[in-house]
Amino acid sequence: MAGDGDQQQSQAGRHLEVGHKSLLQSDALYQYILETSVYPREPESMKELRELTAKHPWNIMTTSADEGQFLNMILKLINAKNTMEIGVYTGYSLLATALALPDDGKILAMDINRENYELGLPIIEKAGVAHKIDFREGPALPVLDQMVEDEKNHGAFDFIFVDADKDNYINYHERLINLVKVGGLIGYDNTLWNGSVVAPPDAPLRKYIRYYRDFVLELNKALAADPRIEICMLPVGDGITLCRRIK
């Protein structure tokens, strides 16, 4: 019996370790959500893309399956038609979005790496939704600056999802707030940053977690104080903050 106790303790220790993928109180609870309500309803194309991405060396960058399901439902609830995604990777959240939009829906998708996007593209094409995607390779800020200059882009987007370089989230926000419509949503991913937002200063954090943590903390503070939006921070995936533009 002592052996079982030790094993449980070490699993609990692993679970509480900063940098753990799920923010729920136990791995078993997270598995329960995935196996009960996410995987049985996951479209075949998304499952295929998720499994392909799992083999990629940077698979930590992918959107979790529960978050993909959440995005898909939110987009349908707000009847989104014109959307934007900054940070695409292999396209799991992009596919979740494309499947949710009507046939004439559009996604402006930006990423600095076309190669990763092209890994998932055959699956997106097979799902019959590639025509909704306008993919642009390169940094997003210059594209956003150009868009903000043209009045016709102001308030043109129903939904914008950001899952890219955390050190630029605040810079993105200052531009995106003009591009999303009043009543539209911006979703910022990773706003709980592997739980590191509450980690003590001496916590053993992975280098990239430690590097971006201050930027995430700064963003969270800025969003909470921004009078132009209403916010809701959710412990889905690695934390997602929904911002509804109110003025």
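Residues numbered from 1 in each chain as written. Predicted model: local features only at pLDDT ≥ 70, side-chain atom pairs only at ≥ 80, totals over all residues. Heavy atoms only, no water.

- The name an unreviewed UniProt entry assigns to the chain is Caffeoyl-CoA O-methyltransferase, from the organism Tripterygium wilfordii.
- Per UniProt, the chain carries the Sequence similarities (unreviewed entry) text "Belongs to the class I-like SAM-binding methyltransferase superfamily. Cation-dependent O-methyltransferase family."
- The record in UniProt for the chain states the following under Function (unreviewed entry): "Methylates caffeoyl-CoA to feruloyl-CoA and 5-hydroxyferuloyl-CoA to sinapoyl-CoA. Plays a role in the synthesis of feruloylated polysaccharides. Involved in the reinforcement of the plant cell wall. Also involved in the responding to wounding or pathogen challenge by the increased formation of cell wall-bound ferulic acid polymers." (UniProt positions renumbered as here; feature names shortened; annotations may be inferred.)

### Quick word on the packing of helix H8 (residues 169–179) against helix H9 (residues 207–225)
Okay, step 1: At a minimum axis distance of 9 Å, the contact between H8 and H9 shows a crossing angle of 30°. By the angle class used here, H8 and H9 are roughly parallel. From H8, Tyr 169, Ile 170 and His 173 reach across to H9, where they touch Glu 218, Leu 219, Ala 222 and Leu 223.
Okay, step 2: Tallied by class, the residues present in the contact of H8 with H9 amount to five nonpolar, one polar and one charged. (Axes fitted to C-alpha atoms, helices over the stretch in contact; angles between N-to-C directions. Helix = DSSP H or I, 4+ residues; strand = E, 2+ residues; numbered from the N terminus. Parallel < 35°, antiparallel > 145°, perpendicular 65-115°, else oblique. Contact = heavy atoms within 4.5 Å. Nonpolar A, V, L, I, M, F, W, Y, C, P; charged D, E, K, R; others polar.)

### What to know about helix H6 (residues 114–126)
The periodicity of an α-helix, 3.6 residues per turn, causes residues three or four places apart in sequence to face the same way.
Okay, step 1: Taking 1.5 Å of rise per residue, the 13 residues of H6 would be expected to cover 18 Å, and the 18 Å separating its terminal C-alpha atoms lies within 8% of that figure.
Okay, step 2: A maximum bend of about 40° is found in H6 at Gly 120, where proline Pro 122 lies one to four positions downstream.
Okay, step 3: Among all positions of H6, only Asn 116, Tyr 117, Gly 120, Leu 121, Ile 123 and Ile 124 are buried.
Okay, step 4: Looking at the buried side of H6, the elements it contacts are helix H3 (44–54), helix H5 (92–100) and strand E3 (133–137).
Okay, step 5: For H6, the capping residue at the N-terminal end is Asn 113, with a side-chain oxygen 2.8 Å from the backbone nitrogen of Glu 115.
Okay, step 6: Gly 128 lies just past H6 and shows a positive phi near 80°. (Expected span 1.5 Å × (residues − 1). Bend = angle between axes of the 7 residues up to and from the residue. Buried < 20%, exposed > 50% of the residue type's maximum accessible area, 1.4 Å probe, protein only. Polar contact = N/O pair within 3.5 Å; in protein donor to acceptor, adjacent residues only side chain to side chain.)

### So, the packing of aromatic side chains
Okay, step 1: Applying the stated criterion across every chain yields a total of seven aromatic pairs.
Okay, step 2: Measuring from centroid to centroid gives 4.8 Å for Tyr 211 and Tyr 212, while their planes differ by 80°, and the two rings are edge-to-face.
Okay, step 3: Note on Tyr 212: relative accessible area 22%, which makes it partly exposed.
Okay, step 4: Through a chain of ring-to-ring contacts, the aromatic side chains of Trp 193, Tyr 208, Tyr 211, Tyr 212 and Phe 215 assemble into a single cluster. (Phe/Tyr/Trp six-rings, centres within 6.5 Å; stacked < 30°, edge-to-face > 60°.)

### Here's the deal with the nonpolar core
Okay, step 1: One finds Leu 94, Leu 95, Tyr 117, Ile 124, Ile 133 and Phe 159 to be the most contacted residues of the largest nonpolar core, which totals 33 residues.
Okay, step 2: Ignoring sequence-local partners within four residues, the contact set of Ile 124 consists of Gly 91, Leu 94, Leu 95, Tyr 117, Val 129, Ala 130 and Ile 133.
Okay, step 3: Residues Ile 86, Met 147, Ile 160 and Leu 219 belong to the second largest nonpolar core, which totals 25 residues. (Core = buried A, V, L, I, M, F, W, Y, C linked by side-chain atoms within 4.5 Å.)

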